[in-house]
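In case you want the letters, here they are:
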Amino acid sequence: MNDPGISDQTIETVIAFDEIAVDAASLIQSMGYIDSACPEPVRLTVEEALLEAAPHVDIRGGYRILPDDVRLENSGEIECGACRFKVGKVIKGQLRRARRLALFAITIGDALETQARDLLRGDDPVKGYVLDATASLIVESAADRLHEQLRNAAAEWGWKTTNRFSPGYCGWPVEQQHILFAQLPAKFCGITLSETALMHPIKSVSGVIGLGDGVAYHPYPCDFCNRQDCYKRKR
Amino acid sequence: MDQVLGQIAVCVERGKINMASPFPPDLAGQNGAEELTQSALDAGLSAEEILNQGLIVGMQKIGEKFRNNEAFVPDVLLAAKAMNAAMKLLEPLFKADANRFKGTLVMGTVAGDLHDIGKNLASMIIQGAGWKVVDMGVDVSTEKFLDAIKANEGCVVGMSALLTTTMANMEQTVRAIKEASPATKVIVGGAPLSQEFADKVGADCYCPDPQRGAEFLESLSAGA
């Protein structure tokens with residue numbers, strides 16, 4: 001295995017709205033509808049939400065590549081420098097060939113979620129729900145874009161990236177978010193954590209991505225995670 | 001009389017708010033839940049009859065469709081909007097009657113979890129079934145649930161979790177409630193849950209969908 005001698009590096013970036021891929025069909029699908037069965041008022045609201053979302057979105061994301069080698073512990077933990085993550089066996093399995101870990105976080109700000117919440121509680125809950133779903137889709141799509149940037153950077157060193165894994169999913173306790181954020185600059189990308197490890201703004205994604213020449217990316221993560229009770233699997 | 005109540009139920013189920021609402025297209029230009037409720041009142045029906053035999057029936061039907069994957073969150077929200085429009089006409093008539101609610105449900109998403117769509121849907125359907133819902137929001141600690149039980153004597157508690165990793169917090173909260181207030185009924189829901197989990201943590205009812213919660217609460221009020 002080659003080691004390009006990657007040093008500790010932290011990247012913070014702004015992603016433009018037109019760099020991410022969100023369209024009406026994927027939004028309608030994310031709400032459970034088969035496209036043709038979506039009622040007209042919902043379809044119109046989706047189109048309206050996509051037009052209105054752009055000026056309310058401020059996408060800021062970044063990552064830190066830790067300089068230390070990844071060590072796997074028998075207990076289902078992984079260790080990398082000062083981080084000791086109890087990721088569980090599913091994520092540990094996916095990171096077993098990783099040489100380095102990138103810790104990442106990305107947010108779209110709180111303007112859209114605030115607007116969605118006000119509408120949900122007020123006069124137009126349908127639009128509020130659609131805006132909330134739009135915001136969720138935008139942040140996931142923005143995380144895809146950030147992942148792609150990291151993948152391109154890794155390719156320059158002859159390395160690949162794993163899928164991204166977030167505290168709260170695939171058996172990784174959400175409270176470990178505190179360990180992750182402790183390794184990032186304070187208020188990284190404007191994100192803060194509550195005592196119960198929830199991110200603010202809410203429409204944010206954080207986690208780890210493994211890097212190395214022997215790692216693999218799986219387009220269908222449910223194939224390697226056997227959790228039948230995961231809500232993402234049910235969707 | 002039965003006919004207008006049936007029409008009200010259809011308008012709620014299909015999210016037809018009033019005559020001005022262009023949707024659903026096959027009902028365009030026709031009276032909606034609002035006008036039909038006014039007609040029913042003008043014809044001498046009581047607010048209680050309209051609520052129980054019209055509005056609640058419509059919400060029940062959309063709840064059943066949601067359970068069967070024949071309707072999705074926006075459809076339930078449209079139905080709730082139609083019901084709320086009608087309720088604005090009925091509320092002044094109910095104000096004097098504090099006993100119009102079948103009971104109180106204290107509802108919240110457990111600590112460490114901020115997913116609230118499922119909780120909100122359940123709240124709407126249960127409200128639509130005639131219960132008062134005290135919504136505690138998301139990331140609700142055990143202490144906050146216990147305080148709410150004290151503040152709402154005789155209430156039922158509903159809680160939801162969407163993450164497998166916050167189910168542990170749900171377990172802790174249910175056990176604490178059962179220890180502090182054994183008579184308090186607890187209903188739980190959320191995508192990763194199962195009947196087995198609900199039994200293990202000592203919950204009284206597992207709700208795979210909001211309608212199941214409404215049915216369980218109905219059984220409590222029927223037995224009271």
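Residues numbered from 1 in each chain as written. Chains lettered and ligands numbered in written order. Predicted model: local features only at pLDDT ≥ 70, side-chain atom pairs only at ≥ 80, totals over all residues. Heavy atoms only, no water.

1. Things to note about the sheet that holds strand β2 (residues 59–65) of chain A
Residue and element names in this part refer to chain A. The strand order β1-β2-β6-β10-β7 describes an open sheet built from five strands, whose pairing is antiparallel. Among the strands making up the open sheet, the edge pair consists of β1 (9–15) and β7 (160–165). Each strand of the sheet is rotated relative to its neighbour by a mean of 20°, with strand direction disregarded. Where β7 and strand β10 (residues 204–212) come together, four bridges link them in antiparallel fashion. (Pairing = 2+ DSSP bridges. Helix = DSSP H or I, 4+ residues; strand = E, 2+ residues; numbered from the N terminus. Axes fitted to C-alpha atoms, helices over the stretch in contact; angles between N-to-C directions.)

2. With respect to the packing of helix α6 (residues 142–151) of chain B against helix α7 (residues 167–180) of chain B
All names here are of chain B. Contact geometry of α6 with α7 gives a least axis separation of 9 Å together with a crossing angle of 35°. Where α6 crosses over α7, the handedness of that crossing is right-handed. Here Thr-142, Phe-145, Leu-146 and Ile-149 of α6 lie close against α7, whose contacting residues are Gln-172, Thr-173, Ala-176, Ile-177 and Ala-180. Looking at the contact of α6 with α7 residue by residue, the classes come out as six nonpolar, three polar and no charged. (Left-handed = near helix turned anticlockwise from the far one by under 90°. Contact = heavy atoms within 4.5 Å. Nonpolar A, V, L, I, M, F, W, Y, C, P; charged D, E, K, R; others polar.)

3. Considering the interface of chain B and chain A
Contact residues are listed per partner, giving 22 residues for chain B and 29 residues for chain A. Of the roughly 2200 Å² buried between chain B and chain A on both sides combined, carbon and sulfur atoms contribute 73%. Of all residues in chain B, the largest losses of buried area upon contact with chain A belong to Phe23(B), Pro74(B) and Thr165(B), amounting jointly to 21% of the total for that side. At the junction of chain B with chain A, the criterion picks out one salt bridge. In this structure, Lys81(B) engages Asp124(A) in a salt bridge whose closest nitrogen and oxygen atoms are separated by 3.6 Å. At the boundary of chain B and chain A, one finds two residue pairs in polar contact (both at pLDDT 80 or more). Of the residues contributing to the side of chain B that touches chain A, the split by class is 13 nonpolar, five polar and four charged. (Buried area = accessible area lost by both parts, 1.4 Å probe. Salt bridge = Lys/Arg side-chain N within 4 Å of Asp/Glu carboxyl O. Polar contact = N/O pair within 3.5 Å; in protein donor to acceptor, adjacent residues only side chain to side chain.)

4. Quick word on the environment of Thr164(B)
Residue and element names in this part refer to chain B. Secondary-structure assignment places Thr-164 in the loop between β3 (156–160) and α7. A relative accessible area of 15% means that Thr-164 is categorised as buried. With 48 residues separating them in the primary sequence, Thr-164 and Arg-212 have C-alpha atoms 21 Å apart. (Buried < 20%, exposed > 50% of the residue type's maximum accessible area, 1.4 Å probe, protein only.)

5. Quick word on the sheet that holds strand β5 (residues 83–85) of chain A
Adjacent strands of a sheet pair through backbone hydrogen bonds, lying either parallel or antiparallel. Residue and element names in this part refer to chain A. Judged by pairing direction, the sheet is antiparallel, and its three strands sit side by side in the order β3-β4-β5 without closing on themselves. Bordering the open sheet on either side are β3 (71–72) and β5, each of which pairs with just one other strand. Alignment of β3 against strand β4 (residues 78–80), held across two bridges, turns out to be antiparallel. Across the sheet, the residue bridging to Leu-72 is Ile-78, located in β4.

6. Some words on the nonpolar core
By size, the foremost hydrophobic cluster in this structure holds 91 residues, and its most contacted members are Ile59(A), Ile138(A) and Leu55(B). Here this core spans two domains, since at least three of its residues come from each of domain 1 (2–94) and domain 2 (104–223) of chain B. Contacts of Ile138(A), omitting those with residues within four sequence positions, involve Phe17(A), Ile20(A), Val22(A), Ala53(A), Val57(A), Ile59(A), Ile108(A) and Leu112(A). One finds Val70(A), Ile78(A), Phe188(A) and Cys189(A) within the second-largest nonpolar core, a separate group that totals 27 residues. (Core = buried A, V, L, I, M, F, W, Y, C linked by side-chain atoms within 4.5 Å. Domains from an automatic or database assignment.)

7. What about α7(B)?
Along an α-helix, a turn takes 3.6 residues, which lines up residues three or four apart on a common side. Here α7(B) spans 20 Å end to end across 14 residues, near enough to the 20 Å set by a 1.5 Å rise per residue. Those residues of α7(B) that fall on the buried side of the exposure criterion are Met167(B), Met170(B), Glu171(B), Thr173(B), Val174(B) and Ile177(B). (Expected span 1.5 Å × (residues − 1).)

8. Section: the domain arrangement of chain B
All names here are of chain B. Domain assignment breaks chain B into domain 1 (2–94) and domain 2 (104–223). Taking only C-alpha atoms, the centre of domain 1 and the centre of domain 2 are 27 Å apart. Summing both partners gives a buried area of about 1000 Å² for domain 1 against domain 2, and 74% of it is carried by carbon and sulfur. Across the domain 1-domain 2 interface, the total number found is two salt bridges.

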